[in-house]
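Listed below are the residues making up each chain.
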Amino acid sequence: MKKIIIVLVFIVLIVSGCGNSNIEDSENISEVEAGDKSITRKSPKELIRKFKNSYPSEEIIYPAEEEITDMDNDGYKDVFLITGSINPKIWYVPSYGEIELLLEAWGSFKSANILDIGNQKHLAIMCTNDPSITQVWVFNIKEDKPNQIFTSVSNQSIRIKDNGFNLVFVEHDDEGKSVLKESRYIWDKDRDIYTKTEIEVANNDKSSKGSDLNNDKNPLEDKDINDDPSIFDKYYDSSLGKYGYKNEKGEIIIQPLFNYAGKFFEGAAIASKENEKYGFIDKSGDWIIEPIYDNAKEFSEGLAAVLYRDKWGYINQDGKTIIDFEFDEANRFSEGLVAVKIVSDWGYVDKEGNIVAQPQFDTHNEFKDGRVDVKIGGKHGVMNKNGKVIWDIVDTYKEVRVFPEDSLDSHPEFKGFYEEFITALKNKDVIYLSKHISDEIQFNFEYPLSKEQFLDYWDLKENPNESRLWQTMQETLVAGGVFKDENKFIAPYVFVNFPEEFDPLSYGVCKDNNVSVHIEPNNNSMIMKNLDHLIVKVIDWNVQVKDKNGKINKWLKIQLPGGSKGYVYPEDIISPVGYKIQISKDEKGIWKIDFFIAGE
């Protein structure tokens, strides 16, 4: 039976006139038609803010700030985002419509590239799972709906060439002979399709390294090609609601028996059945490790991370615990070391569980060529396999404070309404609230909708006592606001007065004049400093720590202007992209809410 290894090689066609715009250009928005209404198209930066407001716990790793400018002024309506460096998620954020999770990738995120192929833009996402396996996803990103056009597993990184992309196949017959073939896909602009040409590149025995492709290094190099995950492709039987596996010919080799089935690594695949616990199966479909774990990650260098009773540890393929269950998160091994998390900090251990670097880092990258990039607060550096770090960058910022404005006393008419309105919110008075909502109110990222839609959105008709609006709106107003003019009040003040030089997605403002910064996310930990209305960089908006009674306490991990880091309570920080409210006096002299929305 022939075994096929696919190496995906991408070739970029550089489109003339495709240059970077500046930051100011990327903020521009244009008018597009939506049905019979004219709607303002959101810029990529606005769409990213929309995503962060909807999924605050997801860490965006692509695009970087400098890459956002490449997404605008080129016909884009939508944005692709990638979150999480381990088993990353790919999201589709449209200007109009709901955010969609396109897929959950597997492995460690390696790169994402915008490719110009013909007159179409494509996003190529690459993840690695061990030194010999790379998986690539490619999306066409200028269609009305995102279109995944390729998924491939290979043992070679993407190589940028000059027009289209290449697929290189290696076939082995029963005698061990190999044939290296190359399928070249070139974009045909006139017909709006890919044309395919397949040629035989080389005939060699199994030990051969093959020949050069386009005077480039042979993409197969010296990698092991006998443990290819693509030979065992999982498939879903919709009639049974179960997963099984097929070979490269489409033949069923493991019956659909599993609620979940993963890719094979080192001869084992993660699987689960009815009990929603995870174990590992071999290529016959037999359990080699029984499904007793709450979560699991693929084998790497002989060990797999598994979750048991809320803690991660490591087992070998005999199911023996090699490293005890004591971590809050755990990655896959690379070069004999692995990043593990305790509370909110990452450190590194070896295969015996010995600590190489104490938990202290904000990052959890994999080792490559004996080194790994690390970060603590504003400090960036490189660590070797002995745990020695060379710090080369300190990311500092200037001290700036944003003070609240006490403007109610200078507007006695509004102050009277304000006090009545706060009382109505505390009493969950839907009738009073309805009287003070504009007929058209902005409460999403698309366009103004009606008062009735607003009430439905906040579940104020069916379950008013359970609605989140009462507390959310109170917190927004009591933070303090400012008057834009005599007839417009906006809260919180941070939304209006936040300095433009700070990224509102990454920074917040200390609400009071005595905000305590703890060394650890623990009420009893040492207080390193007290802050007064200072702008602080937020490293992690959602640190969750379980106390001895099992209660989960939330913290924010922050960086101070000098580069040191600490922890504060979430309620002590106001985000410029949190909820904000505008209340205006209408032509009848009635104060009404114009907008109540999160975002910038």
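Small disclaimer: the values here were computed from a predicted structure and weren't measured.

Undergrad: I'd like a description of the overall build of the protein chain, backed by residues and values.
TA: When its secondary structure is counted, the protein chain shows seven helices and 45 strands. Put simply, the protein chain has 600 residues, and 49% of those count as buried. Residue pairs at least 24 apart in sequence account for 46% of intrachain contacts in the protein chain once pairs closer than 6 positions are excluded. Element-wise, carbon and sulfur atoms account for 45% of the exposed surface of the protein chain, whose accessible area totals about 29,100 Å².

Undergrad: Explain the packing of aromatic side chains to me, and be specific about the residues and the numbers.
TA: Scanning the model with the defined rule gives 34 aromatic pairs in all. Measuring from ring centre to ring centre gives 6.4 Å for tyrosine 418 and phenylalanine 489, while their planes differ by 70°; the resulting arrangement is edge-to-face. One end of the pair, tyrosine 418, is in helix 3 (residues 412-427); the other, phenylalanine 489, is in strand 36 (residues 488-491), with 71 residues separating them in the sequence. On the basis of relative accessible area, tyrosine 418 is assigned to the buried category, the value being 13%. By relative accessible area, which is 2% here, phenylalanine 489 ends up buried.

Undergrad: Describe the sheet that holds strand 27 (residues 337-342), listing the residues and the values that go with them.
TA: Taken in spatial order, the four strands make up an open sheet running 26-27-28-29, and their pairing is antiparallel. The sheet is open, and its two borders are formed by strand 26 (329-330) and strand 29 (355-361), each paired with just one other strand. Looking at chain direction, strand 26 and strand 27 are connected through two bridges and run antiparallel. Looking at strand 27, one finds that alanine 330 is bridged to valine 340.

Undergrad: Break down the pattern of salt bridges for me, with residues and values.
TA: The tally for this structure, following the rule as stated, stands at 18 salt bridges. Note that lysine 277 and aspartate 294 form a salt bridge whose closest N and O atoms lie 2.3 Å from each other. Of this pair, lysine 277 sits in the loop between strand 19 (268-272) and strand 20 (278-281) while aspartate 294 sits in the loop between strand 21 (287-293) and strand 22 (295-296); the two residues are 17 residues apart in sequence, bridging distant segments of the chain. Lysine 277 gets classed as partly exposed once you look at its relative accessible area, which sits at 28%.

Undergrad: Help me get a handle on the sheet that holds strand 22, residues and values and all.
TA: In spatial order, the strands read 22-23-24-25; together these four strands make up an open sheet with antiparallel pairing. Whereas interior strands pair on both sides, the edge strands pair on one side only; in this sheet they are strand 22 and strand 25 (321-327). Two elements, strand 22 and strand 23 (residues 304-308), share two bridges in a ladder whose sense is antiparallel. Bridging from a neighbouring strand, asparagine 295 pairs with leucine 307 of strand 23.

Undergrad: For a nonpolar patch on the surface, give the residues involved together with the corresponding values.
TA: On the surface, a cluster of nonpolar side chains totalling about 280 Å² of accessible area is made up of Ile519, Met526 and Met528. Tracing the backbone shows methionine 528 in strand 39 (residues 527-531). For methionine 528, a relative accessible area of 33% translates into the label partly exposed.

Undergrad: If you had to explain the environment of glutamate 466 to someone new, which residues and values would you point to?
TA: Note on placement: glutamate 466 falls in the loop between helix 5 (451-457) and helix 6 (469-478). For the pair glutamate 466 and lysine 428, spaced 38 residues apart in sequence, the C-alpha separation works out to 9.5 Å.

Undergrad: Give me the lowdown on the nonpolar core, citing residues and values where you can.
TA: If you look at soluble globular proteins, the nonpolar side chains tend to sit buried side by side. Counting 30 residues, the largest nonpolar core has Phe454, Leu469, Met473 and Leu477 as its most contacted members. Mapped onto this core, the elements with two or more residues apiece are helix 3, helix 4 (430-435), strand 33 (437-442), helix 5, helix 6, strand 36, strand 44 (579-585) and strand 45 (591-598). The dominant element in this core, judged by the number of residues it contributes, is helix 3, at seven residues. Of all hydrophobic cores here, the second largest spans 25 residues; its members include Val400, Cys510, Val515 and Val517.

Undergrad: Help me get a handle on the packing of helix 3 against helix 6, residues and values and all.
TA: Running from N to C, helix 3 and helix 6 cross one another at 150°; their axes reach a closest spacing of 9 Å. Classed by the angle they form, the pair helix 3 and helix 6 counts as roughly antiparallel. Between helix 3 and helix 6 the crossing geometry is left-handed. Together, Tyr418, Phe421, Ile422, Ala424, Leu425 and Lys426 of helix 3 and Leu469, Trp470, Met473, Gln474, Leu477 and Val478 of helix 6 make up the contact between the two elements. For the contact of helix 3 with helix 6, the residue count by class is ten nonpolar, one polar and one charged.

Undergrad: Go over the pairing of strand 19 with me, naming the residues and quoting the values.
TA: Across the five residues that make up strand 19, a large majority, five, are buried. Side chains of strand 19 alternate between two faces, with Ala268, Ile270 and Ser272 and Ala269 and Ala271 buried alike. Where strand 18 (residues 260-265) lies against strand 19, four bridges are found, and the strand directions are antiparallel. Following the sheet pairing, alanine 261 is matched in strand 19 by alanine 271.

Undergrad: How would you explain the pairing of strand 41 (residues 552-559) if you had to name every residue and give the values?
TA: By the bridge criterion, seven bridges tie strand 40 (residues 535-546) to strand 41 in an arrangement that is antiparallel. From the neighbouring strand, valine 545 faces strand 41, where its bridge partner is asparagine 553. Counted along the chain from strand 40 to the antiparallel partner strand 41, the turn is five residues long, and its residue glycine 550 has a positive phi close to 90°. Pairing of strand 41 with strand 42 (residues 565-568), which is carried by four bridges, proceeds in the antiparallel orientation. When the bridges of strand 42 are listed, isoleucine 558 appears paired with glycine 566. What sits between the antiparallel neighbours strand 41 and strand 42 is a turn of five residues, in which glycine 563 has the positive phi angle 110°.

Rules behind the numbers
- All chains use their own residue numbering, which begins from 1 and follows the written sequence.
- The model is predicted, so local features are restricted to residues of pLDDT at least 70 and side-chain atom pairs to those at 80 or more, both for listing and for counting; the totals for chains, interfaces and linings are taken over all residues.
- Only hydrogens and water are set aside; all other atoms, that is, all heavy atoms of the structure, feed into the side-chain values.
- Each helix corresponds to a stretch of at least 4 residues labelled H or I by DSSP, and each strand to a stretch of at least 2 residues labelled E; elements are numbered beginning at the N terminus.
- Exposed residues in this analysis have more than 50% of their type's maximum accessible area, buried residues have under 20%, and partly exposed residues fall in between, with area computed by a 1.4 Å probe over protein chains only.
- By the convention used here, residues are in contact when the closest approach between their heavy atoms is within 4.5 Å.
- Note on areas: Shrake-Rupley, 1.4 Å probe, and residue coverage restricted to the protein chains presented here.
- Aromatic rings from Phe, Tyr and Trp, with only the six-membered ring used for Trp, were paired whenever their centres fell within 6.5 Å, and each pair was classed as stacked if the ring planes differed by under 30 degrees, edge-to-face if by over 60, and tilted otherwise.
- Any two strands are treated as partners once DSSP identifies two or more bridges connecting them.
- Salt bridges, as used here, are contacts in which a Lys or Arg side-chain nitrogen is within 4 Å of a carboxyl oxygen on Asp or Glu.
- Residues forming no salt bridge and having over 30% relative accessible area are the ones grouped into patches, like charges within 9 Å of each other and nonpolar side chains (Val, Leu, Ile, Met, Phe, Trp, Tyr) within 5 Å.
- As used here, the term nonpolar core means buried Ala, Val, Leu, Ile, Met, Phe, Trp, Tyr and Cys residues forming a set that is joined through side-chain atoms within 4.5 Å.
- Angular values range over 0 to 180 degrees, each being the angle between N-to-C directions of two axes fitted as lines to C-alpha atoms, with helices fitted over their stretch in contact.
- Just so you know how the angles are binned, under 35 degrees is roughly parallel, over 145 roughly antiparallel, 65 to 115 roughly perpendicular, and the rest oblique.
- In this scheme the crossing of two helices becomes right-handed for a clockwise turn of the near helix relative to the far one and left-handed for an anticlockwise turn of less than a right angle.
- Any residue that is not Ala, Val, Leu, Ile, Met, Phe, Trp, Tyr, Cys, Pro, Asp, Glu, Lys or Arg is counted as polar, Gly included; the first ten are nonpolar and the last four charged.

Interpretation in functional terms is not warranted from these geometric data alone.
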